[in-house]
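# Observations on chain architecture
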Amino acid sequence: MTDSVDHLYFFLKKIETGEPFGLIRPNDGEYMILKGIENFQQIDGWSSHGSMITHDLHNALMKASKQDTVFIGTCCPECNPEICKYMSTMYRIRTYGNIVCNRNHRILMHHLKTKKFYYIGSGTKPRDNIIDRLVIDPLLINNWDTEKGEFMRKSIEWVEKCNDSKLFLISAGPLAKILIPELVERYPTKQFMDVGSALDEWCKGSSNRGFVNPGSVYYNQVCSFTTGHKPREYAVTCVLNFYKRPYTIHEQLNAIRNQTIQPKKIIIWVNETEGVKFPDDITSDSTLTIVRSSENFGVWPRFAISQFAETPYVCVFDDDTIPGRKWLQNCCETMDTVNGLLGTIGVVFNNADHYSMKCRHGWDAPSTEIHEVDTVGHSWFFKREWLQCLWQFHTDPVKLLKCGEDMSFTCGLQKVGIKTYVPPHPPHDLEMFGSHPQKAWSYGTDKNAAISMQQYAMPIFSEAFMNLRKNHGFKILADNVV
């Protein structure tokens, strides 16, 4: 694990697998309590009075530091060097205090949309995936000396009654740091996560925190104990396929070279079997590699050559796909959120027994949301290391030269728990699209249209679909519909 994004995925995986853990995040408010500073007021309105809260917080953190399944997070040196140093000398620091904030907030919220959980905290706004909640006074800490016993007793008894769930999210400021070590000790098979104000919009209807505001300096911040707030670098190789459309290659190259995240390398697979001449003015250099083939190997070679990319990420394009200038950026940010195979057009199948589309998401169905789908096409964005999954579970590439790569890739990734998604395609910002809609319709339906536009396409698509379903366990979203 290297930075705060990686650390969040560490915990999300535990949530997914049901592995028990506790997470507490003592930061500035807790630091002032531990230092004995009184009568300060936090942004949420609570303040610290008396020595009992200092004593109880210190003892709870000491207990947590000795519990193998409890993780203590604090700010990185660049957020606050004084707090980071103080906490690291007193406790076993194992993660980041802002692990649910800043860049990570939208990742967490996307993940929790599909999860059922219990909630301890203030706010009573209804929400379907909160099974039940224990509502507490947001200013309870102000009267800690008299309210401590009742708070601890009520919380423990309430958790005791919640036998049908492992996951408990807790928003109680410093009190969460006192409560969670006690709950972990009593209920070692459950998960207790200190989420602070991360769920305010869900539970209260609004938030006063900057990390949920896309216009704030915090929204994209990623922390590292070693490199501070150094932005994440995304090294991407783009792979293009030249076949029968010499009139799109210049436009596609220009669109890719003008990305807000510049590709480190561009590879063009040139299929020379149709007698279509590759433009002489496009030549290899340090950033562009041209691979020529005198035999038609169909849709598969662009993924085969992608294995030789020297970057962690690869983006493959169909020859009728002209991306907006923010497409790679959109993919990188979405990958941080869902860590899955991405594409600019996604299909949800209608029926589990035969090849039939229920709907599509992407460039021809704009949305501000990330959509899980059954397969993607036109442009694929993925981690290079995932390519091994494509070749382990595929249709017969010799028999089915012209299709099946999309479903095969999704099928293979399913085996290792990786899903398939379409990034947001907001209708107000075509620069985020993986394919310009007008150009996609124009090039995608011209005389050199892809196999999907030809009369005999459906039978071979169906053959690939059923082969993967019957022989390789390809799952679709319709399988989960009761």
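Helices and strands together make up the secondary structure of the protein, namely 15 helices and 16 strands. Over its C-alpha atoms, taken along the principal directions, the protein stretches across nearly 85 × 50 × 40 Å. Within the span of the protein, comprising 482 residues, buried residues form 55% of the whole. Considering only residue pairs separated by 6 or more positions, the protein has 74% of its internal contacts joining residues 24 or more positions apart. For the protein, the exposed surface amounts to about 21300 Å²; the carbon and sulfur share of it is 50%. Computing the positive centroid from 52 side-chain charges and the negative centroid from 54, the protein places the two 2 Å apart.

This next bit is on the pattern of salt bridges. Inspection of every chain in the model, using the stated rule, returns 24 salt bridges. For Lys-148, the salt bridge goes to Asp-56, with nearest N and O atoms at 3.1 Å. In this pair, Lys-148 sits in helix H6 (residues 144-161) while Asp-56 sits in helix H3 (residues 52-65), placing the two residues 92 residues apart along the sequence. A relative accessible area of 9% places Asp-56 in the buried class. Each of Lys-63, Glu-182, Glu-185 and Arg-186 takes part in one network of salt bridges that share partners.

Here we have 7 strands laid out as an open sheet, ordered S3-S2-S1-S7-S6-S4-S5, and parallel in their pairing. Every interior strand has two partners, whereas the edge strands, strand S3 (93-96) and strand S5 (130-135), have only one. Each strand axis lies, on average, 25 degrees off the axis of its neighbour in the sheet, ignoring direction. Its contacts with the sheet place helix H1 (residues 4-17) against strand S1 (21-24), strand S2 (70-74), S3, strand S6 (167-171) and strand S7 (191-194), and it is angled at close to 100 degrees to S3.

A separate point is the confidence of the model for the protein. Looking at the protein as a whole, its pLDDT mean stands at 89, while 95% of the residues score no less than 70. By mean pLDDT, helix H15 (residues 457-472) is the weakest element of the protein at 80, and S7 is the strongest at 98. Within the model, pLDDT remains below 50 along residues 450-456, and this stretch shows 12 contacts once partners closer than five positions in the same chain are excluded.

Here we come to the packing of aromatic side chains. Ring pairs (aromatic) are described by centroid distance and by the angle formed between their planes. Counted under the stated rule, the structure contains 25 aromatic pairs. Residues Phe-242 and Phe-278 carry aromatic rings whose centres are separated by 5.0 Å and whose planes lie at 85 degrees to one another, so their mutual orientation is edge-to-face. With Phe-242 in strand S8 (residues 236-242) and Phe-278 in the loop between strand S9 (265-271) and strand S10 (288-293), the pair connects residues that are 36 residues apart, well separated along the chain. For the pair Phe-242 and Phe-278, one class covers both residues: buried. Taken together, the ring pairs connect Phe-10, Phe-11, Phe-21 and Phe-71 into an aromatic cluster. Arg-94 extends its terminal NZ or CZ atom over the ring of Phe-71, reaching a point 4.2 Å from the ring centre. When the ring centre of Trp-202 is taken as origin, the NZ or CZ atom of Arg-127, which lies over that ring, is 3.5 Å away.

With that settled, consider helix H11 (residues 327-338). For H11, spanning 12 residues, the distance from its first C-alpha to its last is 16 Å, which sits close to the expected 16 Å at 1.5 Å a residue. The complete set of buried residues in H11 reads Trp-327, Leu-328, Asn-330, Cys-331, Cys-332, Thr-334, Met-335, Asp-336, Thr-337 and Val-338. Taken from the residues just after H11, Asn-339 is the one with a positive phi, measuring 50 degrees.

With respect to the secondary-structure elements, Glu-463 resides in helix H15. With relative accessibility at 33%, the residue Glu-463 sits in the partly exposed group. The spatial distance from the C-alpha of Glu-463 to the C-alpha of Tyr-355 is 8.5 Å, given a sequence separation of 108 residues.

In this section: the nonpolar core. With 53 residues, the main nonpolar core has Cys-238, Leu-240, Ile-268, Phe-381, Phe-382 and Phe-409 as its most contacted residues. Here this core takes 6 residues from H11, the largest share from any one element. Filtering out sequence-adjacent residues up to four positions away, Ile-268 remains in contact with Leu-240, Phe-242, Ile-249, Leu-253, Phe-278, Ile-282, Leu-288, Thr-289, Ile-290 and Val-291. Ranked by size, the runner-up nonpolar core spans 45 residues in total, among them Leu-34, Ala-60, Ile-156 and Val-184.

This next bit is on the pairing of S3. With 3 bridges joining them, S2 and S3 adopt parallel strand pairing. For Thr-74, the partnering residue across the bridge sits in S3 and is Tyr-96. Note that the unit made of S2, helix H4 (residues 81-90) and S3 has a crossover that is right-handed.

Glancing now at the pairing of strand S4 (residues 117-121). Most of S4 sits out of view: 5 of its 5 residues are buried. Residues of S4 alternate between two faces, with Phe-117, Tyr-119 and Gly-121 on one and Tyr-118 and Ile-120 on the opposite face, all of them buried. Strand direction decides the pairing type here: S4 and S5, joined by 5 bridges, are parallel. By the bridge assignment, Tyr-119 is partnered in S5 with Arg-133. One ladder, built from 4 bridges, connects S4 with S6; its direction is parallel. Bridge pairing in S6 links Ile-120 to Ile-170.

With that settled, consider the side chain of Thr-237. Among the secondary structure elements, Thr-237 is positioned in strand S8. Those residues within four positions of Thr-237 in sequence are excluded, and the remaining contacts are Lys-265, Ile-267, Ala-309, Glu-310, Thr-311, Tyr-313, Val-314 and Cys-315.

Along helix H13 (residues 405-414), 9 of the 10 residues are buried, which leaves the element largely enclosed by surrounding structure. Residues Glu-405, Asp-406, Met-407, Ser-408, Phe-409, Thr-410, Cys-411, Gly-412 and Leu-413 constitute the buried set of H13.

Another aspect to go through is unusual backbone geometry. Look at Asn-102: it is not a glycine, yet its phi comes out positive at around 55 degrees. Note on Asn-102: relative accessible area 7%, which makes it buried.

Look at H3 against helix H7 (residues 174-186): their axes get within 9 Å of each other, and the N-to-C directions meet at 45 degrees. What the angle tells us is that H3 and H7 run oblique. The handedness of the crossing between H3 and H7 is left-handed. On H7, the residues touching Ile-53, Asp-56, Leu-57, Ala-60, Lys-63 and Ala-64 of H3 are Pro-174, Leu-175, Lys-177, Ile-178, Pro-181, Glu-182 and Glu-185. Taken together, the residues of the contact of H3 with H7 break down into 8 nonpolar, no polar and 5 charged.

The rules we used
Residues numbered from 1 in each chain as written. Predicted model: local features only at pLDDT ≥ 70, side-chain atom pairs only at ≥ 80, totals over all residues. Heavy atoms only, no water. Helix = DSSP H or I, 4+ residues; strand = E, 2+ residues; numbered from the N terminus. Buried < 20%, exposed > 50% of the residue type's maximum accessible area, 1.4 Å probe, protein only. Contact = heavy atoms within 4.5 Å. Areas by Shrake-Rupley, 256 points an atom, 1.4 Å probe, with all protein chains shown as cover. Lys, Arg positive; Asp, Glu negative; His and termini not counted. Charge placed at Lys NZ, Arg CZ, Asp CG, Glu CD. Salt bridge = Lys/Arg side-chain N within 4 Å of Asp/Glu carboxyl O. Pairing = 2+ DSSP bridges. Axes fitted to C-alpha atoms, helices over the stretch in contact; angles between N-to-C directions. pLDDT = per-residue confidence, 0-100. Phe/Tyr/Trp six-rings, centres within 6.5 Å; stacked < 30°, edge-to-face > 60°. Lys NZ or Arg CZ within 6 Å of the ring centre and 35° of its normal. Expected span 1.5 Å × (residues − 1). Core = buried A, V, L, I, M, F, W, Y, C linked by side-chain atoms within 4.5 Å. Right-handed = clockwise from strand over helix to strand, strands pointing away. Parallel < 35°, antiparallel > 145°, perpendicular 65-115°, else oblique. Left-handed = near helix turned anticlockwise from the far one by under 90°. Nonpolar A, V, L, I, M, F, W, Y, C, P; charged D, E, K, R; others polar.

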